[in-house]
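Residues per chain are reported as follows:
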Amino acid sequence: MSAYEMNFDGLVGPTHNYGGLSYGNVASQSNSQVASNPKEAALQGLGKMKALMEMGFKQGVFAPQERQDVAALRSLGFAGTDAQVIAQAAKQAMPLLAAVSSASSMWTANSCTVSPSADTADGRVHFTAANLNCKFHRSIEHPTTSRVLGAMFASQQHFAHHAALPAVGQFGDEGAANHTRFCKGYGDAGVEFFVYGRSAFDSRYPAPQRYPARQTLEASQAIARLHGLSDEGVVYAQQNPAVIDQGVFHNDVIAVGNGEVLFYHQDAFLDTEQVLAELAAKLARRGGNFQAVCVPREAVTVDDAVRSYLFNSQLLTRADGNMLLIVPEECRNNSNVWNYLQQLTSGSGPIREVKVFDLKQSMQNGGGPACLRLRVALKDNELAAVNPGVIMTPSLYETLTSWVGKHYRDRLSESDLADPQLLIECRTALDELTQILKLGAVYPFQLA
Ligand code: SUG
């Protein structure tokens, strides 16, 4: 049976804005209060999905969430009609209104952690929604994420869904952004690589001093247990706390893996040699030949990596077996990174081609090509069980492009969040979207 890696990209929601909500994420903090362009953001994302589909990769769409999240404001004591709730929040607590307005569910690498069926004890594909517990605006995503995942991957024969871990920092979980899987072929048993920022229960592990470590070891271990992974199929590694303090808030800002290849920065991990040796040994027992491509700090500094998002790239296997790196335009604008990439692709290593995409609207909030996609390795029969409504096709691309053109604004600033019309526009758009993507009732709202 054939197997594939399918990318499900987050469709950017109509409230995309720069709220400055993510302490520790340099781009989010530095673009706070800049006016956004939701229409352009959604079209940039759709452009990447279309390009990958046209290159022959399997591509899906992950629906955005309802924002503003009026229910979240109600849970914080705001009351009255929806319009009154928003008006009060705008007057009394603008940071809360900004948080419940965030379109952050676009970064679907944070939606959940996925273990393909070849790795799990019951032979199903397992999903655990991420609690995203470190930031309020992200912690409200998981209930809808679970509903959308359930509508995309409904077959209980093939798919198993787990609710988010307990909503405390000790089980802070940011999903696939801190998880990579190595394998010989996508349908073969692989080695799942969990990278955490700190331990919640064991004080012997170092921790960053300046910025939060969002993922804990204990959260990663819980997911491995829930998914029924064997010890032989799992490697844990601690992220270097010093790079978290430099703005590497997820591991996918400093490393990316695919197939048998790990592309990583020299300063990404603690105990690097030991981690690489364990990955190589475990992958060898699964029939794979682990290859580590290290980017030395002399060529690309951690600061270059954070500014350019070199590692927040998509590493894809082309039909000829060589690999292609999908990078954001910011990589071309950084001479160290661009020179490195020229040298990388002209060598004899596994990565042979680079393609550049303009994702500036998402990048300004710290979300690059890899943040925007959730990878799911699927066998033929599992792919056949995916809701066909979310699989990208030329005609779905056309439909979604006109849907964006019809419903999205081309400018959103903080003061626009108080406009009661914005919520109505979003609900109208999402109501239509559930029909386009054939998702059923995944959003709790009723249109007036
Ligand atoms: O969680 N930014 C997101 C970016 C997530 C990137 N994802 C991965 N690396 N996989 C975050 O920090 C900023 C929102 C704002 O400031 O308006 C934000 O949530």
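Please read all numbers here as calculations on a predicted model, not as lab measurements.

Rules of the game
- Residues numbered from 1 in each chain as written.
- Predicted model: local features only at pLDDT ≥ 70, side-chain atom pairs only at ≥ 80, totals over all residues.
- Heavy atoms only, no water.
- Pairing = 2+ DSSP bridges.
- Helix = DSSP H or I, 4+ residues; strand = E, 2+ residues; numbered from the N terminus.
- Axes fitted to C-alpha atoms, helices over the stretch in contact; angles between N-to-C directions.
- Parallel < 35°, antiparallel > 145°, perpendicular 65-115°, else oblique.
- Contact = heavy atoms within 4.5 Å.
- Nonpolar A, V, L, I, M, F, W, Y, C, P; charged D, E, K, R; others polar.
- Expected span 1.5 Å × (residues − 1).
- Buried < 20%, exposed > 50% of the residue type's maximum accessible area, 1.4 Å probe, protein only.
- Arc of directions from axis to C-beta.

> Before we move on, can you summarise the sheet that holds strand E10 (residues 261-265) with the specific residues and values?
Overall, mixed pairing links the three strands, which are arranged E9-E10-E11 in an open sheet. Only two strands of the sheet have a single neighbouring strand rather than two, namely strand E9 (255-258) and strand E11 (291-295). Taken pair by pair, the neighbouring strands of this sheet meet at an average axis angle of 10°, ignoring direction. With five bridges joining them, E10 and E11 adopt parallel strand pairing. The residue of E11 that forms the bridge with Tyr-264 is Cys-294.

> Kindly report on the packing of helix H2 (residues 38-54) against helix H15 (residues 394-407), identifying the contributing residues and their values.
In helix packing, the relevant descriptors are the interaxial angle and the interaxial distance, both defined with respect to the helix axes. In contact at an axis separation of 10 Å, H2 and H15 are set at 175° when each is read in the N-to-C sense. The angle between H2 and H15 places the two elements in the roughly antiparallel class. Packed against H2, whose contacting residues are Lys-39, Ala-42, Leu-43, Leu-46, Gly-47, Lys-50 and Met-53, the element H15 presents Pro-394, Tyr-397, Leu-400, Thr-401, Val-404 and Gly-405 at the interface. By residue class, the composition of the contact of H2 with H15 is eight nonpolar, three polar and two charged.

> For helix H10 (residues 272-285), give the residues involved together with the corresponding values.
Look at H10: 20 Å from first C-alpha to last across 14 residues, which is about the 20 Å you get at 1.5 Å a residue. Among all positions of H10, only Thr-272, Val-275, Leu-276, Leu-279, Lys-282 and Leu-283 are buried. Looking straight down H10, one finds that the buried residues subtend no more than 140° of arc, so they occupy a single side. Residues of H10 that are exposed and angled more than 90 degrees away from the buried face: Glu-273, Gln-274 and Arg-285. Structurally, H10 contributes buried residues whose contacts are with strand E6 (179-182), strand E7 (191-196), strand E8 (234-238), E10 and E11. Count one or two residues on from H10 and you reach Gly-287, which has phi positive near 85°.

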